[in-house]
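Reading the structure
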Amino acid sequence: MVEPATVATFLVAALASLFMAWAIGAGSSGSTPFAPAVGANAISVMRAGFFVGLLGFIGAVVQGANVSEAVGRELIGGVILSPSAATIALTIAAGLVAIGVFAGYPIATAFTVTGAVVGVGLAMGGDPAWPKYVEIATLWVLTPFVGGGLAYGIARLLRSEPIAEPSLIVGLAAFVGLLIANIEFAFLDPDSAGGASIARAASDWAPGPELVGMLAVTGLVALLWGGIVAADLRSSVERGERHFLLVLGALVAFSAGGSQVGLAIGPLIPLSEDVGLPLLALLLGGGVGLLIGSWTGAPRMIKAISQDYSSLGPRRSIAALIPSFMIAQTAVLFGIPVSFNEIIVSAIIGSGYAASGSGVSARKMGYTVLAWVLSLAGSIIVSFVGYTALSAVLL
């Protein structure tokens, strides 16, 4: 039988986790996926907030396990987060993100949560998990260059049109289909940690080697995506572009839920074992928190990112969302907490500079980068000091 004190401490930590999930839904996962689509006038701010909440919830449930496990177990060595440590980490991180939401600046959620968990873990006497830190830092550093660079390249192709624009968009759609065929979904293989991809699951029904089957399924999915977009473009290129842009926003919103929910519920994983709560229950609860946050707080940040950073048309918005989807799914696959603010803002800058930097606010970018750096350093220091002070008082 679970001790009442254990249940009580878990509930306190769970409330902090729910607040964190709300802040994430109102901030990064709720505001960034559809921001380019709103900037391109493909969808209204309120509709974007509604759909991003639903898609984020689905992504949290079917793709949230990897990042959740990483945040809960792999950021610090030698210790397991205590209920008080998890509560302090989540409360401090959520508070910093909420400040960013109401101030109108996109605080990097992954930076704050990672820093807060590391801070309390070190205060508990834990050891730095250097290999994981190197993995995380590599993705964080590469994201602006890879995301911004790819967005710039795609936008330049669409702008200069060495290939007919409809043909190029069909090719991009087929590439997106290739990616979708190979990302993992938990429901396709419930017995494995991350699930299985469409290509792998479908290859089990195909004769011959698994690799051949996966390649065949990948090709079919890519052709299907390209064919659907080609048919839509034939009736109207402009309408087809906007439809493709909305689909890309939906994919990024789904990926945001799969990554960002781990930032809210990850610290709860060690505690949930004490009360016998399965990971799926945590994912459902975190997904609901993201949903509520997206519906109640995301429109403000969607407007800030879509209008303040760059004035994008459909083509540059498509260029921004494709690398965003790629990076997000890479983070989900490897269990790396990643900031969607960093991903989307970098891609928006890259696609914006394809038009000679038009609409990109250098001053806004400078404040944003400063907020990212301070959120990481500040969350480590505040969490370390907070846990140390609380432990001294209780002892």
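Attention here is on the structure that accompanies the text. Computed from a predicted structure; not experimentally measured.

Structural notes on the overall build of the protein chain
The helix and strand inventory of the protein chain stands at 17 helices and four strands. The C-alpha radius of gyration of the protein chain comes to 21 Å, within 12% of the 21 Å expected for a compact globule of 395 residues. Considering only residue pairs separated by 6 or more positions, the protein chain has 83% of its internal contacts joining residues 24 or more positions apart.

Observations concerning the packing of helix α8 (residues 130-160) against helix α9 (residues 165-182)
Their axes nearest at 9 Å, the elements α8 and α9 cross at an angle of 150°. Looking at the two axes, α8 sits roughly antiparallel to α9. Regarding α8 and α9, the two cross each other, and that crossing is right-handed. Within the contact between the two elements, α8 uses I154, L157 and L158 and α9 uses E165, L168, I169 and L172. Classifying every residue of the contact of α8 with α9 by side-chain character gives six nonpolar, no polar and one charged.

A few points about the nonpolar core
Counting residues in hydrophobic clusters, the biggest one holds 97 residues, and the most contacted among them are M20, V176, F244, L248 and F325. In terms of residues, this core owes the most to one element, helix α12 (residues 237-265), which gives twelve residues. When neighbours within four sequence positions are excluded, F244 is seen to be in contact with I169, L172, A173, V176, V229 and I318.

Overview of the packing of aromatic side chains
Considering all chains together, one arrives at six aromatic pairs under this definition. Relative to W140, the ring of F111 has its centre 4.3 Å away and its plane inclined at 50°; by these criteria the two rings are tilted. Remark: W140 occurs in helix α8 and F111 occurs in helix α7 (residues 109-123); sequence separation between them is 29 residues. Given a relative accessible area of 8%, F111 falls into the buried group. Looking at W140, the relative accessible area reads 11%, which means it is buried. Members of the aromatic cluster, joined through ring pairs, are F50, F51 and W295.

What to know about helix α11 (residues 210-235)
Compared with the 38 Å implied by 1.5 Å per residue over 26 residues, the 39 Å span of α11 between its first and last C-alpha is a close match. Here α11 has its buried residues at G213, M214, V217, T218, V221, A222, G226, V229, A230, D232 and L233. Buried residues along α11 sit against α9, β4 (196-197), α10 (198-203) and α12.

Things to note about the pattern of salt bridges
By the definition in use, this model includes five salt bridges. Taking the shortest distance from any N to any O, the salt bridge between K132 and E135 comes out at 2.9 Å. Within this pair, K132 and its partner E135 are both found in helix α8, separated by three residues, close to a single helical turn. Classification of K132 by relative accessible area gives buried; the value is 9%. Given the relative accessible area of 34%, E135 is considered partly exposed. Salt bridges linked by common partners bring E74, K132 and E135 together as one network.

Some words on the environment of I183
Turning to its location among the elements, I183 is positioned in the loop between α9 and β3 (184-185). Judged by its relative accessible area of 10%, I183 is buried. With 16 residues separating them along the chain, I183 and A199 place their C-alpha atoms 8.6 Å apart. The contact partners of I183, leaving out residues within four places of it in the chain, are Q63, A196, S197, I198, F325 and Q329.

A few points about a nonpolar patch on the surface
A cluster of nonpolar side chains, namely L122, I381, V382, F384 and V385, defines an oily patch on the protein surface of about 410 Å² accessible area. Residue contributions to the nonpolar patch peak at four residues, all from helix α17 (residues 362-394). With respect to the secondary-structure elements, V385 resides in helix α17.

Focus: helix α1 (residues 4-26)
The first and last C-alpha atoms of α1 sit 33 Å apart over 23 residues, in line with the 33 Å expected at 1.5 Å per residue. Among the residues of α1, F10, A13, A16, S17, M20, A21, A23, I24, G25 and A26 are the ones counted as buried.

Comments concerning the packing of helix α4 (residues 45-63) against α12
The N-to-C vectors of α4 and α12 enclose an angle of 50°; their axes lie 6 Å apart at closest approach. Classified by the angle between their axes, α4 and α12 sit oblique to one another. In the crossing of α4 with α12, the sense of the turn from one axis to the other is right-handed. Within the contact between the two elements, α4 uses V52, L55, G56, I58, G59, A60, V62 and Q63 and α12 uses A250, A253, F254, S255, G257, G258 and V261. By residue class, the composition of the contact of α4 with α12 is nine nonpolar, six polar and no charged.

Rules and cut-offs
Residues numbered from 1 in each chain as written. Predicted model: local features only at pLDDT ≥ 70, side-chain atom pairs only at ≥ 80, totals over all residues. Heavy atoms only, no water. Helix = DSSP H or I, 4+ residues; strand = E, 2+ residues; numbered from the N terminus. Rg over C-alpha atoms; globule rule 2.2 N^0.38 Å. Contact = heavy atoms within 4.5 Å. Axes fitted to C-alpha atoms, helices over the stretch in contact; angles between N-to-C directions. Parallel < 35°, antiparallel > 145°, perpendicular 65-115°, else oblique. Left-handed = near helix turned anticlockwise from the far one by under 90°. Nonpolar A, V, L, I, M, F, W, Y, C, P; charged D, E, K, R; others polar. Core = buried A, V, L, I, M, F, W, Y, C linked by side-chain atoms within 4.5 Å. Buried < 20%, exposed > 50% of the residue type's maximum accessible area, 1.4 Å probe, protein only. Phe/Tyr/Trp six-rings, centres within 6.5 Å; stacked < 30°, edge-to-face > 60°. Expected span 1.5 Å × (residues − 1). Salt bridge = Lys/Arg side-chain N within 4 Å of Asp/Glu carboxyl O. Patch = residues over 30% accessible without salt bridge, like charges linked within 9 Å, V, L, I, M, F, W, Y side chains within 5 Å. Areas by Shrake-Rupley, 256 points an atom, 1.4 Å probe, with all protein chains shown as cover.

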